[in-house]
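Here is how the chains run, residue by residue.
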Amino acid sequence: MKPFVKTVSIITPLDKVNVDTDQIIPKQFLKLIQKSGFGKFLFFNWRYDENEQLKPDFVLNDSKYSNSEILVAGDNFGCGSSREHAVWALQDYGFKVIIAPSFADIFFSNCFKNGILPISLEQSMVEKLQSVSTNVEVDLENQTIKFNDELVSFNIDPHKKKILLEGLDDIAQTNHYEEKISEFEKNSKIPSVL
Amino acid sequence: MGKTLFEKIWDSHTVVENHSSPSLLYIDRHLIHEVTSPQAFEGLRMNNRKVRRPDLTIATMDHNVPTNDRKLPILDETSAIQIKTLEKNCNDFGIKLFGMDSPNQGIVHVIGPQLGITLPGTTIVCGDSHTSTHGAFGALAFGIGTSEVEHVLATQTLWLQQPKSFEIRVEGKRANPFAVTAKDIILSIIKHIGTGGGTGTVIEYRGEGISDLSMEQRMTICNMSIEAGARAGLIAPDEKTFEYLRNREYTPKNFESLVDFWKDDLKTDTDSKFSKQFILKANEIAPQVSWGTNPGMTCDVTENVPSPDDFSKGDANQKKGAEKALEYMDLESGTPIQEIKIDRVFIGSCTNARLEDLIEASKVVKGNKVSQNVRAMVVPGSQLVKKQAEELGLDKIFIDANFEWREAGCSMCLGMNPDILSPGERCASTSNRNFEGRQGNGGRTHLVSPVMAAAAAIYGHFVDVRKLSLN
């Protein structure tokens, strides 16, 4: 996994609550068997009209946001389906940081597996950020967001922080606990399926 | 201090225990399907890794299988590739697959319990958010992403921050158990606590209104825990649970000795503490109909479509959400729910496509015809459910009424197969999500129970099933 350390970018404000993973990546694009190439389908039904032309009024289609790496959205972002394709689409499109007042649990955990940093901030701070039009710096090492003259700090679990900063392979990490896993299996009462 | 049921299952599965950071949890059952697994197997191959416990892993295909004649080739090339890929992966890694021609094929959350693979006190994961369904058996069951699928395949464990315990208590019995179903209970709960109300928690459903339910009804409740944002939902096992699992095809040989252990162990201690609580009275619940674009946007069948102001209770963002929802759903505030006309009816999905759901719906359908302007279909949750329903003659009841009677799969719950709504079509659906475009781009979904969906099919609009006289 690619590490995430820091980004400086303008913010894409997505002024919607309860953005579900069906909106982030509609089901017709879940049939691919690889992880790449989902970016062009991100927010498909909001981005394109019935003739697959870009809808001018959707924020991602405004050229001033085309290089943005930070998405700031409303409450309960990523609810619904567990599809990791949603995170693959955001990442492939170019987003590295997603800020919202809250995230759905599975989506939140999927982000860390793909080098995306999800940050929960208070509603009022999220709204403030949505109106910032200059560059914003998100620094994971120091857990800070810098914009204009303001410096805001955010929380992150130290284990997850380390995984993102170093781009660690989760499975390789877990394999260090091989002995404990085997021990657990030896004592388990639960029989095999077959 | 005592422990909640969830805390007991959690504690008995921690391989590495941490408190402020994620613990390493052992997984007893891993269910696989075609959509969220290909990239996981690819990851294993790239790193030359094996599946650690193929004997704890079971696969089926459900999300994009066609529900017409199984002998026909799959026309959608990408679906066909995904299905072939699952066959190859199961073959290469030694995983038991209930494939397209298996009598056990079906929606993964329907076949797990009906085969006796789902067991109380176990941890169960699947790359699908509705894995919470299995919680009905007193299991800790939850959906995971594809990277986590890969992690479980390789290590049979998962890193997880311990969620909090949330008690939802349904007191008393329903006044009319035929018309007010488990679906109405869970929709009513989500309406009250909201789609984010359970975030960061595992819900335990308790009270007479829950223990009163059959196993299949309990599955409907736990299934939609994710729609309230919860990581999982569970119900303490009782005699009904054990009886349901006895003598299934994959029920373990030492089942009775496990039952003895489960009976003692799998319940919330009286001196334990939940971090959150919500109480609902069963006899106050009416049949529910969703009017908006998330499951929290739901009201009683006797009510009118609310105004964004009434719905949002002063929250500006929720108000905006409701306005957008009404626009998408093409509904006016104040319209009586029972005047909303529908074009399609879908009885199916991991929420409501078990035998009991089909039996109950057939009671409404029997001797009637689907309204002329409505196209209605029944998609049994598994091939076994289909067979059992046919043995009871339910297929004939539905077909005589002009319902389509299909093969098993997820079908129009998420429209990955050819069963989809056309833009603008309005559907009474027994599924779990009314998100924009979920059942087809531009399609409009109203979530209801199987009996409410059946009645809507006959009348062409929503009706209060409490008022129906049955043939």
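Quick caveat: nothing in here was measured; it's all calculated off a predicted structure.

Criteria and thresholds
Residues numbered from 1 in each chain as written. Chains lettered and ligands numbered in written order. Predicted model: local features only at pLDDT ≥ 70, side-chain atom pairs only at ≥ 80, totals over all residues. Helix = DSSP H or I, 4+ residues; strand = E, 2+ residues; numbered from the N terminus. Buried ≥ 20, exposed ≤ 12 C-beta atoms within 10 Å, placed from the backbone. Contact = placed C-beta atoms within 7 Å. Rg over C-alpha atoms; globule rule 2.2 N^0.38 Å. Pairing = 2+ DSSP bridges. Axes fitted to C-alpha atoms, helices over the stretch in contact; angles between N-to-C directions. Nonpolar A, V, L, I, M, F, W, Y, C, P; charged D, E, K, R; others polar. Core = buried A, V, L, I, M, F, W, Y, C linked by C-beta atoms within 7 Å. Parallel < 35°, antiparallel > 145°, perpendicular 65-115°, else oblique. Left-handed = near helix turned anticlockwise from the far one by under 90°.

Caption draft 1: Focus on the overall build of chain A. Helix and strand content of chain A: eight helices and eight strands. When the backbone C-alpha atoms are referred to their principal axes, chain A occupies close to 60 × 45 × 25 Å. By the burial criterion, 42% of the 194 residues in chain A qualify as buried. Contacts in chain A between residues far apart in sequence, at least 24 positions, make up 69% of those at least 6 positions apart.

Caption draft 2: View of the overall build of chain B. A tally of helices and strands in chain B yields 16 helices and 19 strands. Here the C-alpha atoms of chain B give a radius of gyration of 21 Å, agreeing with the 23 Å that 2.2 N^0.38 yields for 471 residues. Counting the 471 residues in chain B, one finds 61% classified as buried. Within chain B, contacts between residues separated by at least 24 positions form 77% of all contacts whose residues are at least 6 apart in sequence.

Caption draft 3: Layout of the sheet that holds strand S18 (residues 426-429) of chain B. Residue and element names in this part refer to chain B. Here we have five strands laid out as an open sheet, ordered S17-S16-S15-S18-S19, and parallel in their pairing. Looking at which strands have only one partner, the edges of the open sheet turn out to be strand S17 (404-405) and strand S19 (444-447). Pairing between S18 and S19: four bridges, direction parallel. Residue Arg426 lies in a different strand from S19, and its bridge partner there is Arg444. Packed on one face of the sheet, helix H16 (residues 450-459) meets strand S15 (344-347), strand S16 (375-378) and S18 and runs near 150° to S15.

Caption draft 4: Expanded view of the environment of Ile193 of chain B. Residue and element names in this part refer to chain B. The topology assignment puts Ile193 in helix H6 (residues 182-193). By the C-beta count within 10 Å, which is 20 here, Ile193 ends up buried. The contacts of Ile193, once residues within four sequence positions are left out, are Gly198, Ala228 and Phe278.

Caption draft 5: Representation of helix H14 (residues 383-391) of chain B. Residue and element names in this part refer to chain B. Among all positions in H14, only Gln383, Leu384, Val385, Lys386 and Ala389 are buried. In this structure, the buried side of H14 is in contact with helix H4 (108-114), helix H13 (355-365) and helix H15 (394-400). Two residues or fewer past H14, Gly393 is found with a positive phi of approximately 80°.

Caption draft 6: Inspection of unusual backbone geometry at higher detail. Residue and element names in this part refer to chain A. The residue Asn18 is not glycine, and still its phi comes out positive at about 55°. Within the chain, Gln143 stands out as a residue other than glycine whose phi angle is a positive 55°. By the secondary structure assignment, Gln143 is in the loop between strand S6 (136-139) and strand S7 (144-147).

Caption draft 7: Geometry of the interface of chain B and chain A. Listed as interface residues are 62 residues of chain B and, on the opposing side, 45 residues of chain A. Looking at the side of chain B that touches chain A, the elements that each hand over two or more residues are strand S1 (14-16), strand S2 (23-26), helix H2 (38-46), helix H3 (77-93), helix H5 (146-155) and helix H12 (316-329) of chain B. When its residues are assigned to classes, the side of chain B that touches chain A shows 19 nonpolar, 33 polar and 10 charged.

Caption draft 8: Geometry of the nonpolar core. Ile98 and Ile99 of chain A together with Val345, Met452, Ala453, Ala454 and Ala456 of chain B are the most contacted members of the largest nonpolar core, which has 195 residues in total. Here the element with the most residues in this core is H16 of chain B; it accounts for eight residues. Not counting residues within four places of it along the chain, the set of residues in contact with Met452 of chain B comprises Pro287, Val289, Ala428, Phe462 and Val465 of chain B.

Caption draft 9: Here's a closer look at the sheet that holds strand S5 (residues 96-98) of chain B. Residues and elements named next belong to chain B. The strand order S5-S4-S3-S6-S7 describes an open sheet built from five strands, whose pairing is parallel. Each edge of the open sheet is held by one strand with a lone partner, namely S5 and strand S7 (140-143). Each strand of the sheet is rotated relative to its neighbour by a mean of 20°, with strand direction disregarded. Relative to strand S4 (residues 57-60), strand S3 (residues 29-32) is paired through three bridges, and the arrangement is parallel.

Caption draft 10: A look at the packing of H6 of chain B against helix H8 (residues 215-223) of chain B. Residues and elements named next belong to chain B. Remark: H6 packs on H8, axes separated minimally by 8 Å, with the N-to-C direction vectors making an angle of 20°. Classified by the angle between their axes, H6 and H8 sit roughly parallel to one another. As H6 runs across H8, the sense of the crossing is right-handed. Residues Ala182, Lys183, Ile185 and Ile186 of H6 lie in contact with H8, whose contacting residues are Gln217, Thr220 and Ile221. Residue classes in the contact of H6 with H8 are distributed as four nonpolar, two polar and one charged.

Caption draft 11: Layout of the packing of H13 of chain B against H16 of chain B. Residues and elements named next belong to chain B. Running from N to C, H13 and H16 point in directions that differ by 30°, and their axes come no closer than 8 Å. Between H13 and H16, the crossing angle belongs to the class labelled roughly parallel. The chirality of how H13 crosses H16 is right-handed. From H13, Asp357, Glu360, Ala361, Val364 and Val365 reach across to H16, where they touch Pro450, Val451, Ala453, Ala454, Ala455 and Ile458. Residues that form the contact of H13 with H16 fall into these classes: nine nonpolar, no polar and two charged.

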